[in-house]
Amino acid sequence: MSKTAKHAAFAAVAVVAVGVGITWYRAHLPPQPITVDYPLEGAVFPPEFPPPRLEWRDASPDTRVWTIDVRFGEGATPSLHATSRGEPIEIGEIDERAVGPTNELPKLSPEQAAARTWRPDPETWDAIKEGSTAEAAVLTITGYADEGRGRAVSRGRVSIRTSTDPVGAPIFYRDVPLMPSEGEKGVIKPLDKKLTPLIAWRLRNVAETKSRLVLTGMHSCANCHSVSRDGKTMGMDLDGPNNNKGLYAMFPIEPQTVIGSENVIEWSTFRGKLGGKLRVGFMSQVSPQGRYVVTSINDPGQDQTDYERRQAPLDLRQAYYVANFQDYRFLQVFYPTRGILAWYGKATGKLQPLPGADDLRYVHTNAVWSPDGDTLVFARAEAKDAYPEGSKLAEHPNDPNETPMRYDLYRIPFNDGRGGEAVPIEGASFNGVSNSFPKVSPDGRWIVFVQAKNGQLMRPDGKLYIVPFEGGEARLMRCNTPLMNSWHTFSPNGRWLAFSSKSRSPYTQMFLTHIDEQGNDTPAILVENSTAANRAVNIPEFVNIPPDGLLHIDAPVTEYYRLIDVASEAMNEGEHEKAIPLLKQALAESPGDAVVHNSYGSALAATGHLEEAVVQYRRATALSPEYPDAHNNLAAALVQSGRPDEAIGEFRQALALKPDFVEAHAGLGGLLAQTGRVPEAIPHLEKAVEFAPESLGALTNLCLALSIAGRPQEALPHAQKAVALSNGQNPLILDLLGRLYGQAGRFTEAAEPTRRALEIARQAGDEALARDLRERLSSYEAAARGGAAGSAETSSR
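Thresholds, definitions, all that
- Residues numbered from 1 in each chain as written.
- Predicted model: local features only at pLDDT ≥ 70, side-chain atom pairs only at ≥ 80, totals over all residues.
- Heavy atoms only, no water.
- Axes fitted to C-alpha atoms, helices over the stretch in contact; angles between N-to-C directions.
- Helix = DSSP H or I, 4+ residues; strand = E, 2+ residues; numbered from the N terminus.
- Parallel < 35°, antiparallel > 145°, perpendicular 65-115°, else oblique.
- Left-handed = near helix turned anticlockwise from the far one by under 90°.
- Contact = heavy atoms within 4.5 Å.
- Nonpolar A, V, L, I, M, F, W, Y, C, P; charged D, E, K, R; others polar.
- Phe/Tyr/Trp six-rings, centres within 6.5 Å; stacked < 30°, edge-to-face > 60°.
- Buried < 20%, exposed > 50% of the residue type's maximum accessible area, 1.4 Å probe, protein only.
- Lys NZ or Arg CZ within 6 Å of the ring centre and 35° of its normal.

Chemist: Summarise the packing of helix H12 (residues 662-674) against helix H13 (residues 678-691); cite the residues concerned and give the values.
Modeler: Axis separation between H12 and H13 bottoms out at 8 Å; the angle between their running directions is 155°. Overall, the two elements H12 and H13 adopt an arrangement that is roughly antiparallel. Crossing of H12 against H13: the hand is left-handed. Listed contacts from H13 to Val 662, His 665, Ala 666, Leu 668, Gly 669, Gly 670, Leu 672 and Ala 673 of H12 are Val 678, Glu 680, Ala 681, His 684, Leu 685, Lys 687, Ala 688 and Phe 691. Residue classes in the contact of H12 with H13 are distributed as ten nonpolar, four polar and two charged.

The following block contains the structure:
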């Protein structure tokens, strides 16, 4: 054998030896770690809970198959065995209606994308639950590199338990799309009005794998709901027209529940402490026996008409800090900065301030009842304006520009509405942070609340704390997730707490934790499939009813808002005939709404029913005398009806109420010019152009008036701008410019726009207009030639 061949053989033997060594080494390596992401170590499940999905990440790249072995208690022999291929996490169902330009489809985090899963079959899960009540079930997940499972390459474990305490009641909650819309100061509006019918309300029995849809399609936004302890009465804040958040529905819970007009309370029928009309009830709560409602109200101290409130709702802007964001993940911040507690008695039908919680120097909010109904727990802070002068609006949660508001928790006796002394709760007050949204356990021993840097509810840094009812050390709860913990609710037996969190997705999900008699809780478990993956769960509330105690909610009281919305859509699309019967029906249900009378008048006017339109506009102005749109529309209808003198008075009334009202200036100026009062008309038309410099109508009307007044030179710049705004394609505006040049004696310049207008009229087949334009063009050209000849003759002399 040659020397080269010997070296090659030696090298081959060495490679084989190294390969064998590596194989031997890898075969004897200890298993790589498996990290179990869900459920967390120590999690406790209800006895009626369906099989959960285990999620883990495997550090070994060689794993092909996994086994799950279950033993009950440390050191016990595994008694249950399963095999899994470790399916990846699936995002879940998508609601296409909730997909829009201001949100994104849900996606997996890097950890979730790397995860593997296993869901036990019902029989295996029942065996795990049965064996894990007295001691923990230890689930060991082992990864193998081959189907024969000859070599374990990874291993991890998690311990869970099953409680003997059932949840025992379903959870009622709101299911919302996250589709941010442009908002305004003081207006709590995270969703565009036309998308309101997409909001749904569901009931979830945690023993089942899906929730039941009980209410959707409402055209009025319903907000915070609460339920009496006996499960017989529900209360729900309703939004009325014109930013009226002062409606409250209080209705009996039945399998087929109906919310009718007889169930609605209007806070606006009551006067506040300062004498102003109340329009807002915030986070109202039904008492344990369903006899009372406690709410937070704010009295701005002065009444506003419907129109004034639509333009600038003082009670909202002064008392509620609201910032709506375009980031769907956290699309809103809201919290009250002024307000007192008031209570409503079902028997008396009266709303009254609660003494001891009615000091205007403070804001009082988030009030909840003790189980016996004798005590209220609420959040309080020093009152302030929601938007201090010169402040900037926050652009995201916890923006330093947020108005600082740190609440402290207080207790106060209800005392049949007589109130008493408000006492701060030790451990949940004066601790340098904001303490809000308290909930009292059904045994009356504990308060669970949200703690954050600022504000209340839905805060990215919000954490749940538990404190004794009488006060003491507040403990951070184990159930907290890394991102937003809020909207919590106790089960009727007090052993379970449901809450919302964004820890697994920007689309808020619902979680459960077990709480024992000593207030010790456990790591959170996920209530899967509460809604579509691209919708959010909020305001979960346990209802003390059997699973079939609430099957459907019908809300005929909101039919009024549906009629208005459908009519508005029809009018926006020019289908005024379709809108007329809808608006007529809406007015039959609520004849006192000036806005609807105005809309009805507009639909009638657009379809030629001028006299009927005038009647509706007059009703609108009678109901809301400070409603400039109704005065302006009435004036326009009177002009068309040949009643110019009456119209002038209505135009002037509209302008007295709204001096920068472009349409009213233009309408009044045009009418005055038509009736020969050109000098009076011109200032109004100039105002219209000043307030709306891009308005073609305002520009052309001003040009016509200045022309009649013999002031063509002043009109020319406005006519030139109108030509530019119409891209030089409107023959009538081009003709107007030509006429003004002609009136000013500038015939050569008059010919050019007239020539362009003639060409457009010919192309459009408008022979009558083309004939007029030809005549004018001929006269301009002749005048221009005559002027040129005269100039030449003078020059030759």
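Back to the write-up after that little detour.
Chemist: Could you give an account of the packing of aromatic side chains, naming the residues involved and the relevant values?
Modeler: Going through the model one piece at a time under the given rule, you end up with 18 aromatic pairs. Measuring from centroid to centroid gives 5.9 Å for Trp 56 and Trp 66, while their planes differ by 65°, and the two rings are edge-to-face. Note that Trp 56 is positioned in strand E3 (residues 54-58) and Trp 66 in strand E4 (residues 65-72), a separation of ten residues in sequence. Residue Trp 56 shares its accessibility class with Trp 66, and that shared class is buried. The ring centre of Tyr 362 lies 3.8 Å from the NZ or CZ of Arg 380, which sits over that ring.

Chemist: Mind laying out unusual backbone geometry, listing which residues take part and the relevant values?
Modeler: The linkage connecting Tyr 38 with the following residue, Pro 39, adopts the cis geometry, with an omega of -5°. Within the element layout of this structure, Pro 39 appears in the loop between strand E1 (32-38) and strand E2 (43-45). The backbone phi angle of Met 283 is positive, close to 50°, even though this residue is not glycine. Mapped onto the elements of the fold, Met 283 is located in strand E17 (residues 281-286). With relative accessibility at 6%, the residue Met 283 sits in the buried group. Of note, Trp 487 is a non-glycine position whose phi angle comes to about 50°, a positive value. By the element assignment, Trp 487 lies in strand E31 (residues 485-490).

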